[in-house]
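Notes for the structure review
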Amino acid sequence: MGRMLLVTARPGIQVFWTVVVAATLLYTLTTGEAESPWAVALTAVSYAAVMTGNHFFPYRKYRPFAFFLLMCSCLVLIASIVYLTGNRESILSFLFFVVPIFAASYFSYPGTVLVAVLTALARYVPFVTYEPGGMVQFSLALSAFSYLVVGVLACYVFEGQRMYARESAEYRHLLQLALDKERDVSLIYNLSRKFSYTLDLDNVLKTTAALARRMLSADGSLVFLVEDGAPRLKAALGMPQSSDLSQVALPADENWVTRLEGGESVTAEGVSLSWLGMPAGADRGYDLWAVPLFAGGETVGYLVCYAGSSREAAEAHLEVLTTLASQAAAAVEKARLYSNTLDEKRKVETILFALRDGLLVTDSSGVLVQANPVALQMLGADSEALGRELLDVLGGPLLASDLGGYGPAEAVAAVLEGHTIFGEMELAADSRVHVQAQFIPLEGQMGEVSGLVLFLHDITELKRVDEMKSNFVSNVSHELRTPLTSISGFVRLMLAGRAGQLNAQQKQYLEVVSEQAANLTGMIESLLDLSRLQARSVKAEMQEVDIAGVVETAARDLRGPASEKDVEIRTRVPASLPKAQADPGRVLQVLVNVIGNAVKFSEPGGLIEVSASHSGPLLQVKVSDNGPGIPPSALPHIFDRFFQARTGEVPEQGGFGLGLAISREIVEMHGGKIWAESDVGRGSTFYFTLPVHG
Ligand code: ADP
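Parameters at a glance
Residues numbered from 1 in each chain as written. Predicted model: local features only at pLDDT ≥ 70, side-chain atom pairs only at ≥ 80, totals over all residues. Heavy atoms only, no water. 1 Å grid on protein atoms, 1.4 Å probe; cavity = no way out; pocket = protein on both sides within 12 Å on 5 of 7 lines; lining within 4 Å. Points joined across faces, edges and corners; volume = space filled by probe spheres on them. Helix = DSSP H or I, 4+ residues; strand = E, 2+ residues; numbered from the N terminus. Nonpolar A, V, L, I, M, F, W, Y, C, P; charged D, E, K, R; others polar. Contact = heavy atoms within 4.5 Å. Patch = residues over 30% accessible without salt bridge, like charges linked within 9 Å, V, L, I, M, F, W, Y side chains within 5 Å. Areas by Shrake-Rupley, 256 points an atom, 1.4 Å probe, with all protein chains shown as cover. Salt bridge = Lys/Arg side-chain N within 4 Å of Asp/Glu carboxyl O. Core = buried A, V, L, I, M, F, W, Y, C linked by side-chain atoms within 4.5 Å. Buried < 20%, exposed > 50% of the residue type's maximum accessible area, 1.4 Å probe, protein only. Near = heavy atom within 4 Å. Polar contact = N/O pair within 3.5 Å; in protein donor to acceptor, adjacent residues only side chain to side chain.

Regarding the layout of surface pockets
Put simply, the largest pocket is a space of about 1700 Å³. In this structure, the largest pocket is lined by 39 residues; those nearest its centre are D402, E424, K463, E665 and E668. Contributions of two or more residues to the lining of the largest pocket are made by β8 (398-402), β9 (421-428), β10 (432-443), α13 (460-495), α14 (504-534) and α17 (659-669). No other element matches α13, which puts nine residues into the lining of the largest pocket. Per-class residue counts for the lining of the largest pocket are 11 nonpolar, 13 polar and 15 charged.

Structural notes on the environment of D458
Mapped onto the elements of the fold, D458 is located in strand β11 (residues 449-458). D458 sits 34 residues away from E424 along the chain, and the two C-alpha atoms are 9.8 Å apart. Among residues more than four places away in sequence, those in contact with D458 are D357, M378, V433, H434 and V435.

Re the environment of A252
Within the secondary structure, A252 sits in the loop between β2 (230-237) and α8 (255-261). For A252, the contacting residues outside a window of four places in its chain are V257 and T258.

Some words on a nonpolar patch on the surface
On the surface, L114, V117, L118, L121 and Y124 cluster together to form a nonpolar patch covering roughly 470 Å² of accessible area. The topology assignment puts L114 in helix α5 (residues 109-124).

Remarks on the nonpolar core
Counting residues in each nonpolar core, the largest one holds 49 residues, and the members touching the most others are I547, I569, L591, I595, I608 and V610. Residues in contact with I595, not counting those within four places in the same chain, are A554, L558, I569, I608, V610 and V623.

With respect to the site of the ligand
Among the 19 residues in the neighbourhood of the ligand, the closest are listed as N597, K600, D625, Q644 and L660. Q644 has a polar side-chain atom sitting 2.7 Å from an oxygen atom of the ligand. The separation between an oxygen atom of the ligand and a polar main-chain atom of G659 is 3.5 Å. A total of 530 Å² of accessible area belongs to the ligand in isolation, and the protein chains cover 96% of it. Broken down by secondary-structure element, the contributors of at least two residues to the shell around the ligand are α16 (584-601), α17 and β18 (683-691). Looking at side-chain class alone, the shell around the ligand contains 10 nonpolar, seven polar and two charged residues.

Structure representation (structure tokens):
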């Protein structure tokens, strides 16, 4: 309002001064009352100064100077007009200008205008008793108007000053608020930085308590963590020394606690802290701020601050505390996860260390990331092997491996593609060990292969015992063969009547002895053959072999016993079948074993089919029967030594359980494979492969 008054008045002032100065000069000059030419000049100069001051007045930069110039010019102008108009005796009336100026420093526009009007009226008092002349009246009116103008101008200045003072107080207040906020923000920023690398839960809790107290300038702060569904006090500042943290529990019956546990941020006044062991506050208890700590959609704890009742529980504090709480909750969660991970890691390490088998873990690129002491010992390595390629670490001590046809590098590559590989390896580090190796792919979070685990189970002792057993069997067999040869020989002589005539009973008994001796010889021969094959002490005499011919020979040899049982043997080998690269005697041995078994187990009327096919570098021979079949539980073991599957329905067929074991050794000696498929009650099919010649 004041500003507007002045803005609208400013052009008015110019017009006013122009009219007054023009009228005065005109009057003075025309009436000849101009007694002093310098007064006229002064009037003209001060008029020019007022106009100039008025011109600069709007410009902020010149405002104080322009105002000063304007005020001085106004006074000089009024003085010169008064002087010119002859009202010299009332020159003192200038002093009255002080009054509206003084009023303006106290009052706003209405007050100042009122004082200016009263001042003008006061100027009339000396003239109450007589009627003043026209010139004096003019002068009086002029000074009254001047009081008004000076008062309004002064008021404008003082109002501006007052407004500036108010604004600067407000500004200072805002600045303080901003500084407070900045302090909070930088505290929280520092806190989040500190929390980002603090994984120690205890440290996180203590820091949170300390910061909460500092940010709120509170007397005390408490951090509770929810454990087993109940909040437990974990860190506290400002509590009485004697208090036992573990005994403190939030007072369940208080309203603020109910709201807090319901997930609300709470401020409360006049709260009793007797549950904390705090003395009752002054008159009205304590002020309190409390916020929940949320992490992962759950309340993991509470942050509570309190102060003596002199302070107000301001909302701003709650905001700061909530921000702090969210940082703290995340840090608590992270520290807890970290501590859980450490626990898990410790558990795994304990298991690994206690394990008597070797265990190695690699990442997805086959680099060793973990190894237990047993594995390191087996490989003759130390913990520095971690970080190296598994194949590198394995390469040195690896003497031999049998990993289902894979080389070590291929095995690792296949496992990292998701295959599981079992096999055996021989390692020579500090000592020579024979291990059963199990390569298992590790699955990552997205189902991808994130590495592999290699279990190494020491079977050195087993191997040694097995070898001892083989040697024993081989030695015993060898030793048995000589007496058995003489028994058979002499029995044969006696049966031939070379030791005198035998009666019928003696002949019958000796025939049984001869038959059993032949059986025993057969078994001993098989055992010796097997141990020689296993020891690789016999070599296959590889040559170009016509499989059709060998199949025919085997079928021909077995057709006799087969027809005795009314079992038919059919052979179907295509003429186009390539020749095999094999030892024909050994291949015949395998065929006789397999077809012989088929004959042995087939029931009368049974059919045995022998066929052969060719794919790539391998020939495949197939022998199928429609006999009783092999139970699934027995199927994996039929190629083991001395294994004989016994099912209730199938009558005992004789044999030693060596035929298939020998066959496997022979086929593998050729670089082939032998396996069987069977359906109980429907029959069995045996397959073996041999390399193609050339
Ligand atoms: P055996 O001297 O007992 O025949 P093998 O090693 O030749 O010893 O065979 C091992 C076992 O495999 C046999 O005892 C039998 O249980 C089973 N088997 C082998 N061939 C057949 C087949 N064609 N039908 C059913 N079972 C078979």
